Amino acid sequence: MKYEVVIGCEVHVQLLTKTKAFCSCENRFGGIPNTRVCPVCLGLPGALPVVNQKMIEDAVLAGLALNCKVASVTGFDRKNYMYPDLPKGYQISQYDMPVCTGGKLDIETGDGKKSIRIIRLHMEEDAGKNLHLEDGSGLSYVDFNRCGTPLLEIVSEPDMRSPLEAVSYVQGIREIMKYLGISDCNMEEGSLRCDANINLWIYEDDKRYETPISEVKNMNSFKAMRNALKYEIKRQLAEWGEKRLTLTDTGKVTRGYNDRTGETVVQREKEEEADYRYFPEPDLKPVVITKDLEAEMGKRVGELPAAKRKRFVSQYGLKKGAASVLAASKALSDYFEAAAKGYREPVKIASWIITEVGGYLNTEGLTIEEFSLPPENITKLMEIVDSGIISSKIAKKVFARMAGSGESPDTIVKKLKLNQITDRDKLEGFVAEVMKENPQSVADFRKGKDHAIKFLMGRIMKLTKGRANPQVAAAILREKLGDG
Amino acid sequence: MGQIAGKSLTELKRLLDRGEVSALEIITSFKEQYESDRKKPVPLNGYIEFFSDAEELAVKADEARKTGTSGILEGLPIAVKDNILISSRKATCGSAILQGFTAPYSSTVVERLMNEGIIPVGRTNMDEFAMGSTCEYSVYGSSKNPVNREYVTGGSSGGSAAVVASGQAPCALGSETGGSVRLPASFCGTYGFKPTYGSLSRYGLVAFGSSMDQIGVISGDPDDIALVISVASGFDSNDFTSEDVDFSALFPLKRMRLKGKKIAIPEELSGEGIDKEVGIVLERFCSWLRSEGAVPERVSMPLLKTTVAMYYIIAPAEASSNLARYDGVRYGLRDITGNNLEDLYVNTRTKGFGDEVKRRIFLGNYVLSAGYYDAYYKKAMQVRYLLKKELNRILEEYEYILSPTSPVPPFKLGSKIDNPLSMYLTDICTIFANLALLPAVSIPAGTTSDGLPVGMQLTGRMFGEKGLLRAAKTWFLKGRRGEI
Amino acid sequence: MIDDKVLDSVLYMSKLQVSGEEKEKFRKQIEEILSYFKVLTGVDTENVELSAGEGIPIEDLRVDEIKDSFSLAIIKTFAADFQDGYFPVPRILEDASGGEDK
C-alpha cells in the first residue's frame, strides 16, 4: 500500500522574560507554589493585564528569525474556557491579529535541504499547574506560579513527511530560540512543548484517502516525539485496514502520548470540541510595531546558527564541534568573535572560551549574558601567555581571578607578581651574562666601589625587562661577586 | 455650623479647612444619619456596610490636620459602591458568589483619593455585578428611593444615590457600564457623572463590560464631582486603557457661559416613548437653556434606536467572560457538595449568581458562540463603530447632546423585575454615551406632579468633562438662587 | 427559536444550571431579548471594517522589571480554601493540560 505521512506542528515556547506576560510577578520555573502570584495572574476581581514590552520584542525577534512577516499592529483576544489552572476563565491569546505570519524554517533531510512553512506565530499566556498527588484526598492541587508566563505559539503548515522531519523541525525551532536567548527550550521542564497533527494520505485505486487527524500531546522529549509519531503511523495504518475511516468521517481527535507504554490514547473526541468564543480583549489596546523597531530587531537577529557554524569553520578554521558550541547562542558567538578579533590564533581562543569560560559559567550558574568580563581581556591574557610571561597553567589562575573581580590580566599579573623571575637557575644565568658583559663594573665592585652593584642590578633588570625578583637577583649577584 | 449631614463634600472641606468642624464630628454625623434610618420601618438600605472603624479613621485625620501632614481631602467621607475595591475591606458586588471575599488591594481611584486623606465610610448597595437598572437585583435586597420608599432608586448604583440623596454621605462613588450612575442619580434627585472612558482607571473596579466600565461620582453638588475627578483621574500604569489626561485644575468649577452654544436634542430620545411628565421637564430645561442664550435644536440620530440592542449584546458578551473567574476555586463562594470539578463549577455558579446575572452570562455566551458571533456580536460592534462616528460628528457641530436621563420617572419597586426586556429599555437614554465612550452628566432638573425626581442628561465630547461639569454648575447655581 | 440543544450547550459553556419549570421561563425571556436584537439587522454594516482602534507603541508598554508578589499570608486572607500552599479542587481525572502526576 502506498501512503504518505503528513505532519504539522504547534510548538509552544516559554519566554525567558524577567516578568510574566501581563503582570510584574517574576517569571521563573518552579519554586515554592503560589509565591509568584498577584491580583492579575490569580484572576482576582478588578485586576487588569498590562503587556510586557519584552514579550513583544522577543516575539518580533523570533518571528524575524523564522522569516515571518511582522504585523504593524498586533492585538490580543480572549480564548474562553474554564479549567482550574486558568484563573480568569479565559486565556489571553491572539486570534486574528497575530504578531507574525507566513515564515519558514529550513531543515536538513536525507534528500538535502527542505523548507517547512510557518503559518503564524502568536503570543499568549501559560496556565498554572495542576498537581495530582496520590494522597487519597480526592483532590487535585493548583499552583499558579507558572500562570501568566509568556508563550510563543508557532504553527507550521503540515509540511513534514516523517517523524524524523518533524523532530528536525522542532530541533530547528529550539536551536533558534536558544540562539536568540529568548527561551531555554527545555522539553522536560516544559519550556518547549510540541503538539503534532498527524495523519496519512493513502493512495488506493488511483484515489487519495486521508485518515483522521490525531493531535498528539504530551511528548516531553525528542525521543518521545519520534516514538509517538511512529506509533501513530502504525496505529493509523492498522485502523485504516480495519475501519477505513477518513478525516471527513471523524474529524480531528486529541490523543495523549504515554511515555511508559509507548502508546497514544484518546483524550478528547470531536463532538466535545470546545467553542472558545474568541473576542478582542477589551482590557488591552493593540500594540503598534514600527518599522524602526522591526529593523532594530532584524539587526539583533543577524546571522542564524546554521550560517554561523559554517562561517566559523571557514573563517576561523574551527572544528565543527567547536563551531557548533559557539554558534548555539548569539551572546556566546558574539563573545567569541569579539575575543578573536585581532588575535592570530582563533582556534586557541575558541577552546579557551569553551573550556575555561564555559566551565566557570557552569560552576557559578551564570549565563554568558550575565558574564561581565570584557572579551578583550581574554585576548590580552592569551597575548601574555604567548609572550612567555606566564605559563598557560598560571593563565588559568589569572582567568579565575579576573572572571570574579573584573580586573585586567595585566593588573592581576602585576599584583600577584606572577611576572617576576624568582627561579634561581634562571636568574643565575642572567647574573652570569651581565657579569660577563660588564667586567669593568665587576672589577670596580671587587675594588670596593660598592655602588657598582647598582649598575649591575640595573643591567639585570634591563635584560629581564624588569621581571627579575630584585631581592633574589641581588643575593645571587653578591654571591657571585664573592661578597656573600 | 448648622447640620452636617446633608452638606456637600465641598462645603465640608471648607468647614474642615477653616477648623470650624472636625472630621470626627462629620463622620459621626453621617453615621448617626445612617443609624437612625436603619431603625425606620422601611430603611433605605443604601449601605451594605458602614465601616465600624470610620470614626477611628476620622480621629487620625484630625490629628493629621493638626500636624500639618494632611491631604487635600483629609477627613472627608465618601461612600463607595460594593464593586470598587478597598484594601482589606469586603467587596461582594451585591452577589452571593463573592461571599467572604476580602480585597487584598485597593482600586486606583480609591487609593488616589485615600492618598489625599479621604475616608471611605461604607460600601453601598447595587444590582448584582452592576447588572440592573433598579438596584433590586441585589443579594442584600433592594435599596429604596429616599423621595418615596415605595419607588426604586434606579440602578445599578442605587445604594450610592440613596445615601447621597438622604444625607448619609456627601458624595459617593458609583460605576457605569450603561448608565448605572446617571440613572439612579436621576431617580433620586442628585447629580451623577460618568467620565469619558479612560479618564479614571478601572484597576480595582470589578469588571462587568470592560469596554464601557467606568467609575462615576454621585453628589448633590457638581463641585464635589469636580473635586473627586481632579484627584482621581489620569493615567494608571495598572490600566493601559486609562488615558493621560490632566483634570487637576477642574476644581473649583466656574459657571459656563452658554450663550450661543448649540445643543442637540435627539428626536429619538425626546418624542415617542418618552413619558409625558419627563417631556415637560425637558421642555422647561430647554427654556432655561434658551434663557441663557443657548440654542437647543432637535436632531435626528436614528442609530440611537439601536443602542439597547447593541449594549445588551456587547456588555453581556464581555460579562460572560469577565464572570468566568467566579468558579469556586480561589475565592468567594465554593460549593463542594458535588462529586467532581464540573459540579464545583455548576453548583457554585448556579447558587452564587442571581437570575439577571445568569441571563446575561447566557446571552453573552450565546452571542459569542460559533454560528451566532457574526449575527450578534460582530454586527453590534460594527453598529457601535458607526454610532461612535455619528456622535462624534454631531459633537463637532454641537456643544452637548441633551436628553432626559431616563425615558420614565422613577417607578414602583417590583414593577419591572420580572420583565427583563422592559427593564433594559429603561437604559435607552444613557447607553449611547457608554457605547461611544463619551462623558455625560445627569442633572436634577425637576419633578413629576407626584414630586418624583426627573433628571436631564448632557453628553459632551471625549474628555470634555470640564465643559459638562461647568454647565451642571451653572444649573446648580441657578437652583441655589431659587430660580427653579 | 432556542431549542433544547442550544439551550443546554450554552448553559454548559456558562457552567450554569436552570432547572425544570424555570427553564421554560428562562427560555422565553432569552428568546424575547434575542428577537429584540433584530433591530440591528436594519443597519447597513456592509462596508464597516472593524479596526482595533488606536494602538500603543511598544516603547510605552510595561518595562520588564520584577515587582513583589503576594505573600502566602495575604493569599490566606481571601482564599476560599488553601491547603499546604495550594488551591485544592476536586480531583481532575483526565488532565489534558500537562499537569503532573506525583
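Quick caveat, the model's predicted, so the values are computed rather than measured.

Criteria and cut-off values
Residues numbered from 1 in each chain as written. Chains lettered and ligands numbered in written order. Predicted model: local features only at pLDDT ≥ 70, side-chain atom pairs only at ≥ 80, totals over all residues. Heavy atoms only, no water. Contact = heavy atoms within 4.5 Å. Buried area = accessible area lost by both parts, 1.4 Å probe. Salt bridge = Lys/Arg side-chain N within 4 Å of Asp/Glu carboxyl O. Polar contact = N/O pair within 3.5 Å; in protein donor to acceptor, adjacent residues only side chain to side chain. Helix = DSSP H or I, 4+ residues; strand = E, 2+ residues; numbered from the N terminus. Nonpolar A, V, L, I, M, F, W, Y, C, P; charged D, E, K, R; others polar. Domains from an automatic or database assignment. Buried < 20%, exposed > 50% of the residue type's maximum accessible area, 1.4 Å probe, protein only. Pairing = 2+ DSSP bridges. Phe/Tyr/Trp six-rings, centres within 6.5 Å; stacked < 30°, edge-to-face > 60°. Lys NZ or Arg CZ within 6 Å of the ring centre and 35° of its normal.

Student: So, the interface of chain C and chain B: which residues are in play, and what are the values?
Tutor: Between chain C and chain B, the contact holds 44 residues from the first and 51 residues from the second. Buried area between chain C and chain B, both sides added, is near 4,400 Å², and the carbon and sulfur share of it is 72%. For B:R334, the salt bridge goes to C:D81, with nearest N and O atoms at 3.7 Å. For the pair chain C and chain B, the number of links is twelve residue pairs in polar contact (both at pLDDT 80 or more). When contributions to the side of chain C that touches chain B are tallied by element, the ones reaching two or more residues are α1 (4–14), α2 (20–36), α3 (72–78) and β2 (87–90) of chain C. With eight residues, α2(C) is the single largest residue contributor to the side of chain C that touches chain B. Looking at the side of chain C that touches chain B residue by residue, the class counts come to 31 nonpolar, six polar and seven charged.

Student: How would you explain the domain arrangement of chain A if you had to name every residue and give the values?
Tutor: All names here are of chain A. Each domain of chain A was delimited in the assignment, giving domain 1 (2–287), domain 2 (303–406) and domain 3 (424–480). Averaged C-alpha coordinates put domain 1 and domain 2 at centres separated by 36 Å. Contact residues are listed per partner, giving six residues for domain 1 and twelve residues for domain 2. Inspection of the domain 1/domain 2 interface yields one salt bridge.

Student: I'd like to hear about the pattern of salt bridges, residue by residue, with values.
Tutor: Enumeration over the complete set of coordinates arrives at 65 salt bridges over all chains. We note a salt bridge from A:R208 to A:E210, for which the minimum N-O separation is 2.7 Å. As a salt-bridge pair, C:R27 and C:E24 come within 3.0 Å of each other at their nearest N and O atoms. With C:R27 and C:E24 both in helix α2 and three residues apart, the pair spans about one turn of that helix. Here C:R27 falls in the buried class, since its relative accessible area comes to 11%. The structure contains a network of salt bridges with shared partners spanning A:R78, A:E281, A:D283 and B:R202.

Student: Please give an account of the sheet that holds strand β4 (residues 77–80) of chain A that cites residues and values.
Tutor: Residue and element names in this part refer to chain A. Strand order in the open sheet made by the three strands is β5-β4-β16, with antiparallel pairing throughout. Only two strands of the sheet have a single neighbouring strand rather than two, namely β5 (90–93) and β16 (279–280). Alignment of β4 against β16, held across two bridges, turns out to be antiparallel. Counted as the bridge partner of R78 is F279 from β16.

Student: Outline the side chain of A:S441, listing residues and values.
Tutor: As for its placement among the helices and strands, A:S441 is situated in helix α14 (residues 439–446). When its relative accessible area of 10% is taken as the criterion, A:S441 is described as buried.

Student: Can you explain the pairing of strand β1 (residues 2–14) of chain A? Please cite residues and give values.
Tutor: Residues and elements named next belong to chain A. Summarising burial for β1: ten of the 13 residues are buried, a large majority. Pairing of β1 with strand β11 (residues 192–204), which is carried by twelve bridges, proceeds in the antiparallel orientation. Counterpart to E4 in the pairing with β11 is W201.

Student: Give me the packing of aromatic side chains: which residues, what numbers.
Tutor: One pass over the full model with this rule turns up 40 aromatic pairs over all chains. Between B:Y47 and B:F50, the ring centres sit 5.1 Å apart and the planes meet at 75°, which makes this aromatic pair edge-to-face. Taken as a pair, B:Y47 and B:F50 share a single burial class, namely buried. A centroid spacing of 5.0 Å and a plane angle of 40° characterise the contact between B:Y105 and B:Y203, whose relative ring orientation is tilted. Of the two residues, B:Y105 is situated in the loop between β2 (77–81) and α4 (108–115) and B:Y203 in the loop between β5 (191–194) and β6 (214–219); the sequence distance between them amounts to 98 residues. No difference in accessibility class separates B:Y105 from B:Y203, as the two residues are buried. Taken together, the ring pairs connect B:F101, B:F129, B:Y326, B:Y331, B:F353, C:F70 and C:F78 into an aromatic cluster. Positioned above the aromatic ring of A:Y209 is the side chain of A:R244, whose terminal nitrogen or guanidinium carbon lies 5.6 Å from the ring centre. We note B:K262 situated over the ring of B:Y398; from NZ or CZ to the ring centre the distance is 4.9 Å.

Student: Which residues make up the interface of chain C and chain A, and what values do they have?
Tutor: The interface is formed by 42 residues belonging to chain C together with 56 residues belonging to chain A. Counting each side, the surface lost to burial between chain C and chain A is near 4,400 Å², with a carbon and sulfur contribution of 58%. The three residues of chain C that bury the most area against chain A are C:I58, C:R62 and C:D64, which together make up 18% of that side's buried surface. Across the chain C-chain A interface, the total number found is one salt bridge. One salt bridge connects C:R91 with A:E134, and the closest N-O pair in it is separated by 3.4 Å. At the boundary of chain C and chain A, one finds 23 residue pairs in polar contact (both at pLDDT 80 or more). The biggest single contributor to the side of chain C that touches chain A is β2(C), with four residues. Of the residues belonging to the side of chain C that touches chain A, the class tally is 20 nonpolar, eight polar and 14 charged. Taken together, the two bridges between strand β17 (residues 287–288) of chain A and strand β1 (residues 56–57) of chain C define a ladder with parallel strand orientation.

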